[in-house]
Amino acid sequence: MLQRLSKTARMLRAMSTTATVAVLCGSRSDLSTLKGCFDVLDSYEISWEASVISAHRQADALHAYVAEAEAAGVQLFIGAAGLAAHLPGVLASLTAKPVIGIPLDGGALGGADALYAVVQMPPGVPVATVAIGSAGAKNAAHLAARILALSDEKVAERVAAFRTDQASKAELRIDPRA
Ligand code: C2R
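Remember, it's a predicted structure, so these values are computed and weren't measured experimentally.

A. Seen up close, the overall build of the protein chain. In terms of regular secondary structure, the protein chain is built from seven helices and five strands. For the protein chain, the sequential pattern of α-helices and β-strands runs α-β-α-β-α-β-α-β-α-β-α-α. For 178 residues, the compact-globule estimate of 2.2 N^0.38 gives 16 Å, and the C-alpha radius of gyration of the protein chain, at 17 Å, lies within 12% of that figure. Along the first, second and third principal axes, the C-alpha set of the protein chain runs to 65 × 40 × 40 Å. Per-residue burial for the protein chain yields a buried fraction of 38% across its 178 residues. For the protein chain, the share of sequence-separated contacts (at least 6 apart) that also reach a separation of at least 24 residues comes to 67%.

B. Region of the structure containing the pairing of strand E2 (residues 48-52). Judged from the five bridges that link them, strand E1 (residues 21-25) and E2 form a sheet pairing that is parallel. Its bridge partner lying in E2, Ala 22 is registered against Glu 49.

C. Layout of the packing of helix H2 (residues 35-43) against helix H6 (residues 134-149). Taken N-terminus to C-terminus, the directions of H2 and H6 make an angle of 25°; their axes are 7 Å apart at the nearest point. Relative to H6, the element H2 lies roughly parallel. By crossing handedness, the relation of H2 to H6 is classed as right-handed. Where H2 abuts H6, its residues Gly 36, Cys 37, Val 40 and Leu 41 lie against Ser 134, Ala 137, Lys 138, Ala 140, Ala 141, His 142 and Ala 144. Residues belonging to the contact of H2 with H6 are distributed by class as follows: seven nonpolar, three polar and one charged.

D. Representation of the sheet that holds E2 in the model. Spatially, the five strands line up as an open sheet ordered E2-E1-E3-E4-E5, and their pairing is parallel. Each end of this open sheet is capped by a strand with a single partner; those strands are E2 and strand E5 (128-129). Of the pairings in the sheet, the one linking strand E3 (residues 76-82) to strand E4 (residues 99-104) comprises six bridges and is parallel in character. Counterpart to Phe 77 in the pairing with E4 is Val 99. Across the sheet, H6 is in contact with E1, E3, E4 and E5; its angle to E4 comes to roughly 175°.

E. Up close: the site of the ligand. In the neighbourhood of the ligand, 18 residues make up the surrounding shell, with Gly 26, Ser 27, Ser 54, Ala 55 and Gly 82 lying closest. Looking at side-chain class alone, the shell around the ligand contains eight nonpolar, eight polar and two charged residues.

F. Main features of unusual backbone geometry. Phi at Glu 45 takes a positive value of approximately 55°, unusual for a residue other than glycine. By secondary structure assignment, the location of Glu 45 is in the loop between H2 and E2. Glu 45 sits in the exposed class, given 10 other C-beta atoms within 10 Å. Positive phi, normally seen in glycine, also occurs at Leu 83, with a value near 55°. Inspection of the secondary structure assignment puts Leu 83 in the loop between E3 and helix H4 (87-94).

G. Expanded view of the nonpolar core. Counting residues in hydrophobic clusters, the biggest one holds 51 residues, and the most contacted among them are Val 21, Cys 37, Leu 41, Ile 78 and Ala 144. The element best represented in this core is H6, accounting for six residues. Once residues lying within four places of it in the same chain are set aside, the contact partners of Cys 37 are Val 23, Ile 78, Ala 137, Lys 138, Ala 140 and Ala 141.

The rules behind these values
- Residues numbered from 1 in each chain as written.
- Predicted model: local features only at pLDDT ≥ 70, side-chain atom pairs only at ≥ 80, totals over all residues.
- Helix = DSSP H or I, 4+ residues; strand = E, 2+ residues; numbered from the N terminus.
- Rg over C-alpha atoms; globule rule 2.2 N^0.38 Å.
- Buried ≥ 20, exposed ≤ 12 C-beta atoms within 10 Å, placed from the backbone.
- Contact = placed C-beta atoms within 7 Å.
- Pairing = 2+ DSSP bridges.
- Axes fitted to C-alpha atoms, helices over the stretch in contact; angles between N-to-C directions.
- Parallel < 35°, antiparallel > 145°, perpendicular 65-115°, else oblique.
- Left-handed = near helix turned anticlockwise from the far one by under 90°.
- Nonpolar A, V, L, I, M, F, W, Y, C, P; charged D, E, K, R; others polar.
- Near = placed C-beta within 6 Å.
- Core = buried A, V, L, I, M, F, W, Y, C linked by C-beta atoms within 7 Å.

Structure (structure tokens):
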């Protein structure tokens, strides 16, 4: 697992700086939970970059990163953190772009601590909050695609195709005479 994570970290450093979506998490220990988020963004062919920057531990670096990312053309931020998960909320305080928050299951409270921290933002500083953990990580990417689809026809087509495919896979018809 450690080997896989350091490989992921190397991959992240090599990412482009012209991404549409910036994914941030509070710790390297969060990265494995975010794999589904990266995979879903890839499936929609949405360019992304990811960084480990903690609002608690690296406040100045986070401020600088958001300013640089916006200047480079990032359209949407995804923030993921466990425990007292302030990262997504601080992101929303630093940018007017949409922010999606993923609460992570990292401690004694099973992610409920992070969920409350991410979802209970004061009025005027919204964080679109998804489910705890890996299900939320995937949905953060699906939600990002739907937001970007409002102004990007290609992404809109891929969202429509995904929904059709998902519905056909879920369909089950039972013949009562069989
Ligand atoms: P470590 O494993 O590095 O001790 O981190 C991280 O997201 C992680 O889930 C433990 C947990 O602390 C979280 N963390 C935050 C923030 N920075 C780190 N919630 C933040 O800025 O909100």
